[in-house]
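Examination of the molecular architecture
So the chains spell out like this:
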Amino acid sequence: MAPWAAVIVLTLIWFTALDHYGVWCHKLSATEKLNLRRQLKRLSKPAVTTIQTKYGDTYDCVDFYEQPAFDHPLLKDRKYEFQMIPSRASSQKVDMDASDIDPFDIWVNGKGCPSNTVPIRKMERKELIRTNMAAKLAHNISTDANQGGREFAILRTQESKRYYGGGMITSVYHPQVGKTQYSASRVKFQNGPDSIAVGWTVNPSLYPDGGTRLFIYTTTKNSNCYNTYCPGFIILRTDIPLDLLLKPYSTPGKTTYEKKVFVRKDPANGNWFLQIGIINATVGTWPQKIFTGLSSFANYIDWGGEVYSPAGVAPPQMGAGYVPVAQRLDYDCYGIQVTVINDQERVDYDPPSLKRYNSSPKNYSLIDEGNHGDIFQRIIVFGGNSSPSNNE
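Cut-off values and rules
Residues numbered from 1 in each chain as written. Predicted model: local features only at pLDDT ≥ 70, side-chain atom pairs only at ≥ 80, totals over all residues. Heavy atoms only, no water. Helix = DSSP H or I, 4+ residues; strand = E, 2+ residues; numbered from the N terminus. Buried < 20%, exposed > 50% of the residue type's maximum accessible area, 1.4 Å probe, protein only. Polar contact = N/O pair within 3.5 Å; in protein donor to acceptor, adjacent residues only side chain to side chain. Pairing = 2+ DSSP bridges. Axes fitted to C-alpha atoms, helices over the stretch in contact; angles between N-to-C directions. Phe/Tyr/Trp six-rings, centres within 6.5 Å; stacked < 30°, edge-to-face > 60°. Lys NZ or Arg CZ within 6 Å of the ring centre and 35° of its normal. 1 Å grid on protein atoms, 1.4 Å probe; cavity = no way out; pocket = protein on both sides within 12 Å on 5 of 7 lines; lining within 4 Å. Points joined across faces, edges and corners; volume = space filled by probe spheres on them. Nonpolar A, V, L, I, M, F, W, Y, C, P; charged D, E, K, R; others polar. Salt bridge = Lys/Arg side-chain N within 4 Å of Asp/Glu carboxyl O.

The protein chain is annotated in an unreviewed UniProt entry as Neprosin PEP catalytic domain-containing protein of Linum tenue.

Okay, structure coming up:
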């Protein structure tokens, strides 16, 4: 396996505990240590400057063409400028409204990285081990919804049609999870071996601070990882990092904060673009050439909640931590403007043939409230927790 595609496989593992930094307790073989050094070297790009967010995260501002994406063997030519801007026709088709990410309100310097650089979160050895284990875990349980403690409350497409994007506006919560668990609100696109998931997550195995963060998870024929930990996704913004800490959080029954996540395939150049917030900020792009199935279109999309817990550990909260109730958007985690870009390459605010799927109805649920028109369009609410005391 090529070093760029390697996800470190731990042959001598004790999954019985985490240290107080949240790093899996294990021993690495000589081969694994070598792969780790190679991966850490690849991710440790020379910084033009280093900046901090108001929440204490440190990012290196790396020259645009030095970012990890261009370590991908299919992108090493770096001749990509004309393909990295969404076409005008495609941009005009996206008209979704949500509370905005204000990039100027998260950085200590008030502006993010300088021009021609992109923010890459500083990575240490123990954090890379933790990240690889989180990616390996997500990949190993991806083939079966009921395998390995992963549960879903989602709305999903039923017919194998051609989809060229989609998204939703989701409320942002901070569900309670343990160190070995995660909880997420996300949209997933898939075709064959390829998939893209985007949204927010609380994942202490990935981020020990336990905060709610923006994330992407990319799976191709040769690799799978969070954010930019394997090459392929090209960051385009100087001021919006992929693992942005999303604060403040919503409080059930009081204040609701929301973010828009939207992914679309550009009809002009074939690349997939990630857009965040009211200004449709194009955070980055997945080049068409890194995919096989998704190089053409997606034939499956789902929206909603996903959680994971190891066997024998009580399931974590999803969404707001409560089983949802219809017509209660101020209390439950929701997705509004649940949309697809259909085979006519138009945004469809009321996608047909969608069906609910709850893998653990006793713990989690999703309600499809249908199309309410106007601002909300198609609405879903989802969430839950196995603990009765948290569902009162």
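1. What about the side chain of Thr282?
By the secondary structure assignment, Thr282 is in strand S15 (residues 281-286). The class for Thr282 is buried, based on a relative accessible area of 16%. One polar contact links Thr282 to Gln275, side chain to side chain, over a distance of 3.5 Å.

2. Some thoughts on the sheet that holds strand S10 (residues 213-219)
Reading across the sheet, the 7 strands line up as S11-S10-S9-S8-S16-S6-S19 and stay open at both edges, with antiparallel pairing between neighbours. A single partner strand is all that each edge strand has here, and the edge strands are strand S11 (224-226) and strand S19 (354-358). Taken pair by pair, the neighbouring strands of this sheet meet at an average axis angle of 15 degrees, ignoring direction. Two elements, strand S6 (residues 150-157) and strand S16 (residues 300-308), share 7 bridges in a ladder whose sense is antiparallel. By the bridge assignment, Ala153 is partnered in S16 with Gly305.

3. Here we look at the packing of aromatic side chains
The geometry of two aromatic rings is summed up by the distance between their centres and the angle between their planes. For the structure shown, the criterion picks out 10 aromatic pairs. Where Phe233 meets Trp286, the ring centres are 4.7 Å apart and the plane angle is 70 degrees; that geometry is what we call edge-to-face. Placement of Phe233 in the loop between S11 and strand S12 (234-235) and of Trp286 in strand S15 is noted, with a sequence separation of 53 residues between them. Summarising the burial analysis for this pair, Phe233 and Trp286 share the class buried. Members of the aromatic cluster, connected to one another through ring pairs, are Phe64, Tyr65 and Phe70. Across from the ring centre of Tyr357, 4.3 Å away, lies the NZ or CZ of Arg156, which sits over that ring. Here the guanidinium or amino end of Arg213 rests over the ring plane of Tyr207, the centre of that ring lying 4.8 Å away.

4. Side note on empty space enclosed by the protein
Considering all chains together, one arrives at 6 cavities of 30 Å³ or more under this definition. In this structure, the largest cavity encloses a volume near 100 Å³. Per-element accounting of the lining of the largest cavity gives the leading share, 3 residues, to strand S5 (residues 117-121). Here the lining of the largest cavity is built from residues that sort into 7 nonpolar, 2 polar and 2 charged.

5. Structural notes on the pattern of salt bridges
Between side chains of opposite charge, pairing is possible as soon as their charged atoms come close. If you walk through the whole model with that rule in mind, you get 14 salt bridges. Between Asp243 and Arg121 there is a salt bridge, with the nearest N and O atoms lying 3.8 Å from each other. Of this pair, Asp243 sits in the loop between S12 and strand S13 (258-265) while Arg121 is found in strand S5, placing the two residues 122 residues apart along the sequence. Comparing Asp243 with Arg121 shows no difference in burial state: the two are buried. Residue Arg264 is joined to Asp266 by a salt bridge in which the shortest nitrogen-to-oxygen separation is 3.9 Å.

6. Observations concerning the environment of Asn191
Tracing the sequence through the fold places Asn191 in strand S8 (residues 182-191). In the structure, Asn191 is positioned 103 residues away from Leu294 in sequence and 5.5 Å away in space, judged by C-alpha atoms.

7. Things to note about unusual backbone geometry
Omega for the peptide link from Lys247 to Pro248 comes to 0 degrees, which places this bond in the cis form. Phi at Glu345 is positive, roughly 60 degrees, even though this residue is not glycine. Positive phi outside glycine occurs at Ser353, with the angle close to 60 degrees.

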